[in-house]
Protein chains: 2
Amino acid sequence: MNSEFTIAVHSLVFLAYKTDHMATSDMIAHNVNTHPSRVRKVMSCMRKSGYIVTKEGLGGGYMLNCNPEEVSLAEIYRATSIGSMKPSWCSGKVDEACVVACNMAEVMDHIFCDAEQQLLIYLQQTKISDVLERVRDAQIQR
Amino acid sequence: MNSEFTIAVHSLVFLAYKTDHMATSDMIAHNVNTHPSRVRKVMSCMRKSGYIVTKEGLGGGYMLNCNPEEVSLAEIYRATSIGSMKPSWCSGKVDEACVVACNMAEVMDHIFCDAEQQLLIYLQQTKISDVLERVRDAQIQR
DNA sequence: TTTAACTGTAACAAATATAATAACAGTATG
DNA sequence: CATACTGTTATTATATTTGTTACAGTTAAA
């Protein structure tokens, strides 16, 4: 799975965790442990989907624009990683005489698409707030 | 998802399709459209799981050793790709003071493991014989 | 008993994908 | 108008995936 999904989830959970629900790309990048530029790219995608709003210029940054209890990981997956389940490599060759060789890619493609739909159903169950809760639970277990 | 899974499924479907249920790595590689060496590596794994038997030497090759109606894609996934759902990259840092930063990796890890279990449940439904059937159906649609 | 056709495996090279970094235009604030 | 931000693209570095070669071991048949 695409790691932009991980960055998006982490960033939204971080914003949900902060009392003011705000942070700059530098702050998020430090928390996520990646480069601010990468955070900005992912957050740009989150903004386009409406989960956050951004404020440019001095004193700007990112602010949560959704209820963490209403946004599920499925929606974040759709925004960041849809289609990433299917491997880029595919087997067979369409112009082969063999039935298996020339139809396998299509059949596998269908299997991967269905699998991704199943994944979305599973991810639907977990909301941003649930992730934050689990993070807090994990802390207590230390 | 790992493409060894695709190669394994394609190879088993190809063996199931052949009337004698036998083929060499060269034949399979040509059908799958990859290198014989790669096929041998994946088939070696299939042999260890018991889905095929191999015969070395002249006139040797691979032979199906299971009922295609009983082996599901879940079993093949388990043999070839278990754990590949989780991205190798992970966010946060365990030694950070922030609760989110230091627990996020663990929480995401858990989410990916559960997601993989869900995937296995879905793959369980599809048997080698079903894939072959779909391949034949796809051919008819041409 | 030698040769040819096969698998098993490891090592290496090439191609591709991913992640980090740099650069800079645009924007808002004081 | 200087400063601190985002948005975006381009480039470089790193990791992963795939292809290829090589060769030892195995078996069957000439």
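Going by the structure above, here's the rest.
Residues numbered from 1 in each chain as written. Chains lettered and ligands numbered in written order. Predicted model: local features only at pLDDT ≥ 70, side-chain atom pairs only at ≥ 80, totals over all residues. Heavy atoms only, no water.

Caption draft 1: The packing of aromatic side chains, seen in detail. One pass over the structure, following the stated rule, counts 4 aromatic pairs over all chains. Between B:Phe5 and B:Tyr77 the ring centres are 5.8 Å apart and the planes differ by 70 degrees, which places this aromatic pair in the edge-to-face class. Residue B:Phe5 is found in helix 1 (residues 3-17), and its partner B:Tyr77 is found in helix 4 (residues 73-81); the two are separated by 72 residues along the sequence. Using a relative accessible area of 0% as the deciding quantity, one classes B:Phe5 as buried. With relative accessibility at 1%, the residue B:Tyr77 sits in the buried group. Here the aromatic cluster, defined as three or more aromatic residues joined through ring pairs, consists of A:Phe5, A:Tyr77 and B:Phe112. Geometry around B:Trp89 places A:Arg38 over its ring, the cationic atom sitting 5.5 Å from the centre. (Phe/Tyr/Trp six-rings, centres within 6.5 Å; stacked < 30°, edge-to-face > 60°. Helix = DSSP H or I, 4+ residues; strand = E, 2+ residues; numbered from the N terminus. Buried < 20%, exposed > 50% of the residue type's maximum accessible area, 1.4 Å probe, protein only. Lys NZ or Arg CZ within 6 Å of the ring centre and 35° of its normal.)

Caption draft 2: Inspection of the interface of chain A and chain B at higher detail. On the side of chain B, 53 residues touch chain A, which itself brings 54 residues to the contact. Taken as a group, A:Met1, A:Trp89 and A:Tyr122 account for 14% of the area that chain A buries against chain B, more than any other trio of residues on that side. Taken together, the links from chain A to chain B amount to 0 salt bridges. Remark: the boundary between chain A and chain B carries 18 residue pairs in polar contact (both at pLDDT 80 or more). When residues in the side of chain A that touches chain B are grouped by element, the largest group, 18 residues, is from helix 5 (residues 99-124) of chain A. Residue classes in the side of chain A that touches chain B are distributed as 31 nonpolar, 15 polar and 8 charged. (Contact = heavy atoms within 4.5 Å. Buried area = accessible area lost by both parts, 1.4 Å probe. Salt bridge = Lys/Arg side-chain N within 4 Å of Asp/Glu carboxyl O. Polar contact = N/O pair within 3.5 Å; in protein donor to acceptor, adjacent residues only side chain to side chain. Nonpolar A, V, L, I, M, F, W, Y, C, P; charged D, E, K, R; others polar.)

Caption draft 3: Structural view of unusual backbone geometry. If you check the backbone angles, A:Asn33 has positive phi at about 75 degrees while not being a glycine. Inspection of the secondary structure assignment puts A:Asn33 in the loop between helix 2 (25-32) and helix 3 (36-48). Its relative accessible area of 38% is what places A:Asn33 among the partly exposed residues. In this structure, B:His21 takes a positive phi of about 60 degrees despite not being glycine. With respect to the element layout, B:His21 can be found in the loop between helix 1 and strand 1 (22-23).

Caption draft 4: Highlighting the pairing of strand 2 (residues 52-55) of chain B. All names here are of chain B. Where strand 2 lies against strand 3 (residues 61-64), 4 bridges are found, and the strand directions are antiparallel. By the bridge assignment, Lys55 is partnered in strand 3 with Gly61. The antiparallel hairpin formed by strand 2 and strand 3 contains 5 residues in its connecting segment, where Gly57 sits at a positive phi of about 80 degrees. (Pairing = 2+ DSSP bridges.)

Caption draft 5: The pairing of strand 3 of chain B, seen in detail. With 2 bridges joining them, strand 1 of chain B and strand 3 of chain B adopt antiparallel strand pairing. Bridge pairing in strand 3 of chain B links B:Ala23 to B:Tyr62.

Caption draft 6: Highlighting the sheet that holds strand 2 of chain B. Residues and elements named next belong to chain B. Taken in spatial order, the 3 strands make up an open sheet running 1-3-2, and their pairing is antiparallel. Edge strands, defined here as strands with exactly one partner in the open sheet, are strand 1 and strand 2. Here helix 1 sits on the sheet and contacts strand 1, strand 2 and strand 3; the angle it forms with strand 3, its principal contact strand, is near 75 degrees. The sheet strands contacting helix 3 (residues 36-48) are strand 2 and strand 3, and the helix crosses strand 2 at an angle near 120 degrees. (Axes fitted to C-alpha atoms, helices over the stretch in contact; angles between N-to-C directions.)

Caption draft 7: Region of the structure containing the protein's contact with DNA strand C. Around DNA strand C sit 27 residues in total, of which A:Ser3, A:Thr34, A:Arg38, B:Ser44 and B:Leu58 are the nearest. In DNA strand C, the atoms that sit within 4 Å of the protein are 70% sugar and phosphate, with bases accounting for the remainder. With respect to DNA strand C, the side chain of A:Lys55 contributes an N or O atom lying 3.3 Å from a phosphate oxygen. One of the backbone N or O atoms of A:Leu58 is found 3.3 Å from a base nitrogen in DNA strand C. (Near = heavy atom within 4 Å.)

Caption draft 8: Spatial organisation of the relation of the copies chain A and chain B. Note on the identical chains: chain A maps onto chain B by a rotation of 180 degrees and an axial translation of 0.0 Å, with an RMSD of 0.0 Å. In symmetry terms, the pair is related by a two-fold rotation axis. A share of 98% of the interface residues of chain A reappears at the interface of chain B, consistent with the copies meeting face to face through the same patch. (Least-squares fit on C-alpha atoms with pLDDT ≥ 70 in both.)

Caption draft 9: Summary view of helix 3 of chain B. All names here are of chain B. Its 13 residues place the ends of helix 3 18 Å apart at the C-alpha level, agreeing with the 18 Å of an ideal helix rising 1.5 Å per residue. All of the buried residues in helix 3 are Pro36, Val39, Val42, Met43, Ser44 and Met46. Following helix 3 by one or two positions, Gly50 adopts a phi angle in the positive range, close to 85 degrees. (Expected span 1.5 Å × (residues − 1).)

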